[in-house]
Amino acid sequence: MSFIGELKRRNVIRVAILYFVSAWLLLQLTDVLSSLLPVPEWTGSLVFLLLLIAFPPALIFAWVYEMTPEGLKREKDVDRSRSITPVTGKKINTVIVVLLVLAIGGMIVDRLHPETAPPAEPLAATGETAGNVPRNSIAVLPFADLSEAGDQQFFTDGLSEELLNLLVRIDGLRVASRTSAFAFRDSSLGIPEIASTLGVAHVLEGSVRKSGDRIRITAQLIDATTDRHLWSENFDRELEDIFAIQDEIGSAIVAALKDEFGLLDGSAVDVTASTTNMDAYALYLEAREKFIRREDLLGSIDLFRRAVELDPGFARAWEGLAAVEIVTDDWVWDDGVDHAPRAVEAARKALSIDPSLSMPYAVLGLYETSENLDHLVAEDFYRQAVELDPKNATGWLWYGILMHELGFFGEGERFLRNCIDIDSGYLNCKHHLAATLLSQNRTEDALQEFEPTLDANFHSMSEIFIPHYALHGQTLLATVLAHLKVGDSTFPVAEWIAAIQNPEDDHEIGYARLKDWERSTHSGLRLSDMGVMLLPFGKYQEFLDNKFVNALYIWSPPAEEFRQTDYFNRFVKDAHFLAYWQERGFPDHCRPVGKDDFECDELM
């Protein structure tokens, strides 16, 4: 066995990673305690020196000794056939992942939160609330599940969201997004504090108690400026009356706001039952909840399909099925199903039942740009989606991503900001906005959008920012982000970062190690899934062979050298970007050359 192989077998490499992350956490703890205790300023330096001195002995200890069921023994005294180093290695991997999460959490808190925060101003009692919050604004908190079995959370969440969607359609009423409001589930904060954080003047909260075919819904509308109830009512009905109850609650809220402040004159609530089959509706709510949380997409698909089997005319269930099918190929690897055609089928079925739906058009747009590379048709679908429903945050997200991919950074930024205005808690919108800003060399603006998302352990576009941290002396942060993005502590991230930091060196051996990891990993992730990983190694042909799913990367700072090669020219043509530009116009930094060629300015 090679020396490197023996290091791996004896878990020496894992111990080194564990020591590195543990040392970082200890240094952070030392820094915090040093600011609270009367210790010398050089305490942190001393701890660092001691950790540095102890590092070689720790590796030697890991090499010489092995953990056995009988305790520590010298490695040479252990029968290889009875060695438990693979089991020990798995335990070390688990500890590393836990410590990595703690490490990045500590770094993000330290970077993003000031040492002292100014106290929140109390809400004003009259006129506009603190921070100029409009009086005609409301948040719908997730209703509490008071059912005896406590198993109706998806139903109560669905009811809360249905009410939110009703209120969104009322002209003149500003409604906090689902993501933002639902973040306060089971919060210990009072209503005024929640409302202040969400920037609203009113809060709707309630509870649901379901027993058999009977349902009791309690709803109350609260004026957050005075913490006073404007309206409260109980509804005891048969479950089949759920749409009528939604109508009553929505109308009561409008009436209460109108009576209290003279708002929303002429507004009305009209709930059209999307299905009369309550079993199908329950399946729909559960499926949608799984989809929103991205926690079980295949289970969500199954539930949506069961819903449309019970009621083939349930347009919103077909719409939901289309949405989950179109994203599943990006979230679920190797399940043996091509979900994109099934998404198109569901989207067209939904539109055949209800042509006024918005999301099916967004699904068709995503299909055209990802499967057919027909960006002209895709843009028309996206435009139709957001015209039908200007509050379709996902429609704006996908439209903004398309514009960014095509090089229209200004439009991409505008559409992504629309997404965030609609749903300020939509982390994917924030990540893509940050990536768009980075492509425009607005690095500080990009980091301000990107870094707050890390508190939520969200990494949809973090690989675009890893090279930035690696090149700006924040190697540890780049390393932690890479491990969290990949989700595998054995990922040889050092080789990737070395290629980023020292592009003039020969990195073929490092790349070979990455490919070895790719072949051995069970995560399903491939290097090509993060195209930006290929660029520092100069693997441009592999980048071109990646079916263009990483088109955003061609505009990122790590792709600067790539954009100066013929591979970039081929990519733009093969991805049908040039065809789009010739039909709809070129981005500001690119221009036509002759009949079938182009050139682009450097972005750096």
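Our subject is the structure listed above.
Now for a quick tour of the structure.

Rules used throughout
- Residues numbered from 1 in each chain as written.
- Predicted model: local features only at pLDDT ≥ 70, side-chain atom pairs only at ≥ 80, totals over all residues.
- Heavy atoms only, no water.
- Buried < 20%, exposed > 50% of the residue type's maximum accessible area, 1.4 Å probe, protein only.
- Helix = DSSP H or I, 4+ residues; strand = E, 2+ residues; numbered from the N terminus.
- Contact = heavy atoms within 4.5 Å.
- Arc of directions from axis to C-beta.
- Disulfide = S-S within 2.5 Å.
- Phe/Tyr/Trp six-rings, centres within 6.5 Å; stacked < 30°, edge-to-face > 60°.
- Pairing = 2+ DSSP bridges.
- Core = buried A, V, L, I, M, F, W, Y, C linked by side-chain atoms within 4.5 Å.

**A look at helix α21 (residues 493–501)**
Right, so step 1: When α21 is considered as a whole, its buried residues turn out to be Val493, Glu495, Trp496, Ile497, Ala499 and Ile500.
Right, so step 2: Its buried side turned inward, α21 meets α19 (466–471), α20 (475–486) and α22 (508–520).

**Let's talk about helix α18 (residues 443–450)**
Right, so step 1: Every buried residue of α18 is listed here: Ala446, Leu447 and Phe450. All buried residues of α18 project into a common sector of 95° when viewed along the axis, lining one side. Exposed side chains of α18 directed beyond 90 degrees from the buried face belong to Glu444 and Gln448.

**Description of the state of the cysteines**
In a disulfide, the sulfur atoms of two cysteines are held together by a covalent bond.
Right, so step 1: Tallied over the entire structure, the rule returns two disulfides.
Right, so step 2: With a sulfur-sulfur separation of 1.9 Å, cysteine 590 is cross-linked through a disulfide to cysteine 600. As the torsion about the S-S bond is roughly 105°, the cysteine 590-cysteine 600 disulfide counts as right-handed. Here the residue cysteine 590 occupies a position in strand β9 (residues 590–593), and cysteine 600 occupies one in strand β10 (residues 597–600), the gap between them amounting to ten residues.
Right, so step 3: A relative accessible area of 5% places cysteine 590 in the buried class.

**Observations regarding the packing of aromatic side chains**
Right, so step 1: Taken as a whole, this structure holds 25 aromatic pairs when the rule is applied.
Right, so step 2: Ring centres of tyrosine 281 and tyrosine 284 lie 6.2 Å apart, and the angle between their planes is 25°; on these two criteria the pair is classed as stacked. In this pair, tyrosine 281 and tyrosine 284 both sit in helix α9 (residues 278–293), three residues apart, roughly one turn of the helix. For the residue pair tyrosine 281 and tyrosine 284, the accessibility class agrees, reading buried in each case.
Right, so step 3: With a centroid separation of 5.1 Å and an interplanar angle of 50°, the aromatic rings of tyrosine 511 and phenylalanine 537 are classed as tilted. Of this pair, tyrosine 511 sits in helix α22 while phenylalanine 537 sits in the loop between α22 and α23 (540–544); the two residues are 26 residues apart in sequence, bridging distant segments of the chain.
Right, so step 4: We classify tyrosine 511 as buried; its relative accessible area is 5%.

**Points about the side chain of serine 358**
Right, so step 1: Within the secondary structure, serine 358 sits in the loop between α12 (339–353) and α13 (359–372).
Right, so step 2: Among residues more than four places away in sequence, those in contact with serine 358 are Glu319, Ala385, Val386, Leu388, Asp389 and Asn392.

**A word on the pairing of strand β3 (residues 137–140)**
Right, so step 1: Alternating residues of β3 divide into Ser137 and Ala139 and Ile138 and Val140, and every residue in both groups is buried.
Right, so step 2: One ladder, built from three bridges, connects β3 with strand β6 (residues 202–211); its direction is parallel. For isoleucine 138, the partnering residue across the bridge sits in β6 and is histidine 202.

**Things to note about the nonpolar core**
Right, so step 1: Core analysis: the biggest nonpolar cluster contains 148 residues, and Trp231, Trp398, Trp496, Phe562 and Trp581 have the highest contact counts within it.
Right, so step 2: With nine residues, the top contributor of residues to this core is helix α11 (residues 315–331).
Right, so step 3: Setting aside anything within four residues of it in sequence, one finds phenylalanine 562 in contact with Leu535, Tyr540, Phe543, Leu544, Ile554, Tyr567, Phe568 and Phe571.
Right, so step 4: Ala139, Ala195, Val200 and Ile222 belong to the second largest nonpolar core, which has 14 residues in total.

Interpretation note: all reported values are geometric properties and have no functional meaning in isolation.
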